[in-house]
Amino acid sequence: MNHTPRIRTVVSCTLLVVTLAAGATACGESDGHPLSAKPFDAADQVSFNAPDDSRKVDPDKPLEVTVKDDDGRITDVTAVDADGRHLAGELTADGRRWHSTAPLAAGTRYTVKVSTENTDGSPGGRTLSFDTASPKKLLNVTFGPQKGTYGVGQPVTAELSAPVTGKAARATVERALRVRSTPAVTGSWYWVDDKILHYRPQDYWPARATVEVTSKLKGIKVTDTLYGAGTAPLKLAIGDRIEAVTDASAHEMTVLRNGEVINTIPVTTGKPGFSTRNGIKVVLGKEYFVQMRGETVGIAEGSSESYDLPVYYATRVTWSGEYVHAAPWSTGSQGNANVSHGCTGMSTSNAEWFFDTVREGDIVEVTHSEGETMTPFDNGFGDWNLSWEEWQKGSAVHGGGGGRADTGANSVETARLRPQV
């Protein structure tokens, strides 16, 4: 008698399953409603202005889909290229015509799917694929810096193979050049000139962040004659937040890692007439040995200010020759007087420690010097000397359309690699 309830339960469940299965079969049958029918082939219902043969489509011409005669209407159109980008378009209120509202990408393949319904409300569909013609002139983009690990002040750079001047064209480029950081930050591009862009966050990159730079410019129309080319992505790692802040009037450098002081170093900076630049600079590179000569920065050979010195543990912060380096000849002045020709000098042991501690992209800031302020772009990475509001004005998307910064950018090459002590 104890087994009877179990047998009944099993039989009951079995009957329930059979009943549900029968119900599912019934629901799968067409109920006669037009929308439940399999879509018909709408090849005779709609037409494209794209060729059905192998001829390539002119990307300068809009794509159009229209209903033939009075046979129903278009309900939806999706056009996607080989890179997964959707082509924007607009459907008329009566559903008779759809047309693209953005330029087609050049040198790619599009797949267009059209959904329709006839006068009886039955659904139809048609799929078309076509290739667009290759562009005659390509805009190549080179990202910088090279793949690696950098400090929190390192800007991302983009160098274009051809000048881009109009605001609309610049906005097209900007929107296609994407920078994503983990953790996320707010950032923006700045047009240094017609061919160079810099990207930086509102504040420094977060310590130990990952930065990925990609371009979606391939095939995109930038100007009437210029289309974007494909660009390899760039991935950067950001290290600890290292900041070296020198108070020129106190003759002291304070080095912080992630906000905590890790060293305080007596230094000497530029003397009157050769004062060190104020402001925020970014480490450009490190050179174990540099032969520094006064004539490379305009000091006459044999004059009272002339010098020709071997310098070790040299950390470069400007292209015109400003370094943080070992200065054993001035140890008596370090911590109490400024006697250099513009560089920040310290003892050999301190310079070696500094050299081993910092990396490209780390922050080197000078305060309370009688020198001028570091310029934004013509002598290294002075990007952080612009406020966020000023920075956004250099964007074609967020600001005034971008424009050449009045920073003497043509002097970058002539100033490059000049050492001074």
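As a reminder, the structure under discussion sits directly above these lines.
Here the structure is a predicted model, which is why all the values come from computation and not from measurement.

Caption draft 1: Region of interest: the pairing of strand β15 (residues 196–201). With 5 of 6 residues buried, β15 lies mostly within the body of the structure. Relative to β15, strand β12 (residues 156–160) runs antiparallel, the two sharing 4 bridges. Bridged to T157 within β15 is H198.

Caption draft 2: The sheet that holds strand β27 (residues 344–346), seen in detail. Spatially, β24-β25-β26-β27 is the arrangement adopted by the 4 strands of the open sheet, whose pairing is mixed. This sheet does not close on itself; its edge strands, each paired only once, are β24 (285–293) and β27. Adjacent strand axes in the sheet meet at a mean angle of 35° when their direction is disregarded. For strand β26 (residues 323–326) and β27, the ladder comprises 3 bridges, and the chain directions are parallel. Bridge pairing in β27 links H325 to G345.

Caption draft 3: Geometry of the pattern of salt bridges. Per the stated rule, a full pass over the model turns up 15 salt bridges. In this structure, the salt-bridge partner of K221 is D60, at a minimum N-O distance of 3.2 Å. Of this pair, K221 sits in strand β17 (residues 221–223) while D60 sits in the loop between β2 (46–48) and β3 (64–67); the two residues are 161 residues apart in sequence, bridging distant segments of the chain. Residue classification places K221 among the partly exposed residues on the basis of a relative accessible area of 23%. Put simply, E117 and R73 hold a salt bridge, and the shortest N to O gap is 2.9 Å. Here E117, found in strand β7 (residues 109–117), pairs with R73, found in strand β4 (residues 73–81); they are 44 residues apart in sequence, far enough to count as distant. Here the salt bridges share partners, and the residues they tie into one network are D60, K221 and D224.

Caption draft 4: Spotlight on a negative patch on the surface. Taken together, the side chains of D41, D44, D69 and D71 define an acidic patch exposed on the protein surface. For D69, the location among the structural elements is in the loop between β3 and β4.

Caption draft 5: Summary view of the environment of M346. Structurally, M346 can be placed in strand β27. In this structure, the C-alpha to C-alpha distance between M346 and P266, residues 80 residues apart in sequence, is 6.6 Å. Setting aside residues no more than four positions away along its own chain, M346 makes contact with M253, I265, P266, V267, V324, H325, A326, A327, P328, Q334, A351 and F354.

Caption draft 6: Quick look at the nonpolar core. In terms of nonpolar packing, the biggest core is built from 38 residues, with L139 and V164 touching the most fellow members. If you tally residues by element for this core, the top one is helix α2 (residues 167–176), at 4 residues. Listed in part, the 19 residues of the second largest apolar core include V46, L63, A105 and F130.

Caption draft 7: The sheet that holds strand β19 (residues 234–238), seen in detail. Taking strand neighbours across the sheet as the criterion, the 4 strands line up as β11-β19-β16-β13 in an open arrangement whose pairing is mixed. Edge positions in the sheet fall to β11 (148–150) and β13 (177–182), since each of these pairs with one other strand and no more. This sheet shows a mean twist of 25° between the axes of neighbouring strands, independent of strand direction. Here 4 bridges tie strand β16 (residues 210–215) to β19, and the two strands are oriented antiparallel to one another. Along β19, the bridge assignment pairs T210 with A237. Packed on one face of the sheet, α2 meets β13 and β16 and runs near 35° to β13.

The rules behind these values
Residues numbered from 1 in each chain as written. Predicted model: local features only at pLDDT ≥ 70, side-chain atom pairs only at ≥ 80, totals over all residues. Heavy atoms only, no water. Buried < 20%, exposed > 50% of the residue type's maximum accessible area, 1.4 Å probe, protein only. Helix = DSSP H or I, 4+ residues; strand = E, 2+ residues; numbered from the N terminus. Pairing = 2+ DSSP bridges. Axes fitted to C-alpha atoms, helices over the stretch in contact; angles between N-to-C directions. Salt bridge = Lys/Arg side-chain N within 4 Å of Asp/Glu carboxyl O. Patch = residues over 30% accessible without salt bridge, like charges linked within 9 Å, V, L, I, M, F, W, Y side chains within 5 Å. Areas by Shrake-Rupley, 256 points an atom, 1.4 Å probe, with all protein chains shown as cover. Lys, Arg positive; Asp, Glu negative; His and termini not counted. Charge placed at Lys NZ, Arg CZ, Asp CG, Glu CD. Contact = heavy atoms within 4.5 Å. Core = buried A, V, L, I, M, F, W, Y, C linked by side-chain atoms within 4.5 Å.

That is the geometry; function is a separate question.
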